[in-house]
Amino acid sequence: MANSDNPTLSRRAMLGGVAGSAALATVARANDPAITEMQEWTQYLGDGVDAAPYGVPSEYEADAVRRDVPWLTADPVSSVNFTPLHKLEGIITPNGLCFERHHGGVAQIDPAMHRLMINGLVDKPLVFTMEDIKRFPRENRIYFLECAANTGMEWRGAQLNGCQFTHGMVHCVMYTGVPLRYLLEEAGVKTNAKWIMPEGADASAMTRSIPLDKALDDCLIAFAMNGEALRPEQGYPLRIVVPGWEGNMWVKWLRRIEVGDEPWHHREETSKYTDLLEGGKARRFTWEMDVKSVITNPSPQAPITHEKGHTVLSGLAWSGRGNIKRVDVSIDGGRNWRPARIDGPSHDKALHRFYHEFDWDGSPLLLQSRAVDSEGWVQPTKDALRDVRGTESIYHNNSIQTWHVRKGGEVENVEVG
Ligand SMILES: Nc1nc2c(c(=O)[nH]1)N[C@H]1C(S)=C(S)[C@@H](COP(=O)(O)O)O[C@H]1N2
Ligand SMILES: [Mo]
């Protein structure tokens, strides 16, 4: 395809280029049974409207499921499964495919018996029922949530074969909730308050310290995702949304918010979710999720299935510091870069979808994507990241991912020097 490096390429020029390089469809054949034979679904009536009160995907999409990594799962009640990024389109993650990370299993909470308490450095300690919370003004906002450990297994070398496993600890949904600011104002925050500590009602009673400024700025107390009640896995009936910051802070099954004047230094912000550097020092309070991207198709679980010709490359980019200004892609391991086409809505701290259409000559490729966010941060190479952070870390790996496309279209996870 000529001019594929021109981002302003017109549709007409593009289609002309496609037709000029390789056919995108086969000429109709008289003996194609998909055309000549009566299929079962045309011969019999289908299911009635009473068959699926809550709809499920086609049985032919049975592969689009969350998966875990057996060697990362010592016990399923304190583990993680991964979003099948290679099976998704657009920027919204369907509720049933949002990765799950929990430390004490999924709490099954009766909303009538659920309370949210605000206590500590406040004028009046308060308790809210779910009904109370729904009487505050609500907002709808789209955000990604990424676990700080996403891509963590790739620090020292290419390891997991599939973007689901290397990058699938991220999801992006529309939340409906009440700005936390309103609830804190109702309780009256004391002038010496500087921090809040959300606490979960699950068996792990997850707690994290969050600066009050962030809480008053854009945190939400959410009760819905993608238009319906939160799923139990995502914290039904209530979770705190901490836009752009690491997933661990987004306490699920939220039952209490304590207001204080200093951080609590609980387990999840001391022995965990701190970044061990060379020489034994650790970075702490690394809350923001840095600019990152990954090519989701092709990828190890989604090989190229045609021989050569017009090929659609697709991927996701995001930043906890704003929105995505630009994504470049390389098909030769980072030697040459071309601007990808970002399509769909661009929200702050939400996933962005990008595409790059190119003419594949059938030879091996080294695919990479590199995102730039609205604050000007550029996604680093793996080597650049290791130069600064060493190799001991798990958390906050936002480096450039490389996929090796073999001659036959198979894809594997590799690293380029
Ligand atoms: N109450 C509670 N909240 C929690 C957790 C938990 O185990 N219990 N896990 C945290 C971690 S480590 C992450 S990455 C996110 C995962 O959110 P998800 O399950 O919606 O993907 O929830 C966070 N909130
Ligand atoms: Mo996490």
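Residues numbered from 1 in each chain as written. Chains lettered and ligands numbered in written order. Predicted model: local features only at pLDDT ≥ 70, side-chain atom pairs only at ≥ 80, totals over all residues. Heavy atoms only, no water.

> Whenever I open this one, the overall build of the protein confuses me. Can you help?
Along its length, the protein carries eight helices and 23 strands. Over its C-alpha trace the protein gives a radius of gyration of 24 Å, about what one expects of a compact globule, namely 22 Å for 417 residues. Out of the 417 residues belonging to the protein, those deemed buried represent 50%. In the protein, the proportion of contacts linking residues at least 24 apart, taken out of those at least 6 apart, comes to 72%. Positive and negative charge centroids in the protein, built from 45 and 55 side chains respectively, lie 3 Å apart. (Helix = DSSP H or I, 4+ residues; strand = E, 2+ residues; numbered from the N terminus. Rg over C-alpha atoms; globule rule 2.2 N^0.38 Å. Buried < 20%, exposed > 50% of the residue type's maximum accessible area, 1.4 Å probe, protein only. Contact = heavy atoms within 4.5 Å. Lys, Arg positive; Asp, Glu negative; His and termini not counted. Charge placed at Lys NZ, Arg CZ, Asp CG, Glu CD.)

> What is the right way to look at the site of ligand 1 in this model?
Lining the immediate surroundings of ligand 1 are 22 residues, of which Phe 99, His 103, Asp 202, Arg 239 and Lys 252 lie closest. At 3.0 Å, a side-chain N or O of Gln 234 approaches an oxygen atom of ligand 1. In the complex, the protein chains occlude 100% of the 540 Å² of accessible area that ligand 1 would expose alone. (Near = heavy atom within 4 Å. Polar contact = N/O pair within 3.5 Å; in protein donor to acceptor, adjacent residues only side chain to side chain. Areas by Shrake-Rupley, 256 points an atom, 1.4 Å probe, with all protein chains shown as cover.)

> Looking at this model, I keep getting lost on the environment of Asp 47. Mind explaining?
Take Asp 47: it is sitting in the loop between helix 3 (40-43) and strand 1 (79-80). Asp 47 sits 161 residues away from Arg 208 along the chain, and the two C-alpha atoms are 48 Å apart.

> How do you make sense of the nonpolar core when you look at a structure like this?
Nonpolar side chains in soluble globular proteins tend to be buried together. Leu 180 and Ile 240 are the most contacted members of the largest nonpolar core, which has 57 residues in total. Here this core gets six residues from one element, more than from any other, and that element is strand 9 (residues 220-225). Once you skip the residues sitting within four places of it in the chain, Leu 180 turns out to touch Ile 196, Ala 215, Cys 219, Leu 220, Ile 221, Ile 240 and Ile 257. The next biggest cluster of nonpolar side chains, apart from the first, holds 31 residues, and it includes Cys 172, Ala 317, Trp 318 and Val 411. (Core = buried A, V, L, I, M, F, W, Y, C linked by side-chain atoms within 4.5 Å.)

> For this particular structure, what's the right way to read the packing of aromatic side chains?
One pair of aromatic rings is described through two measures. These are the centre distance and the angle between the planes. For the coordinates displayed, the defined rule picks out nine aromatic pairs. Plain terms: the ring middles of Phe 128 and Phe 136 are 5.9 Å apart, the flat faces sit at 65° to each other, and that makes the pair edge-to-face. Note on accessibility: Phe 128 and Phe 136 belong to one class, buried. The residue whose ring lies beneath Lys 134 is Phe 223, and the NZ or CZ to ring-centre distance is 5.0 Å. (Phe/Tyr/Trp six-rings, centres within 6.5 Å; stacked < 30°, edge-to-face > 60°. Lys NZ or Arg CZ within 6 Å of the ring centre and 35° of its normal.)

Shape descriptors only; they carry no functional weight alone.
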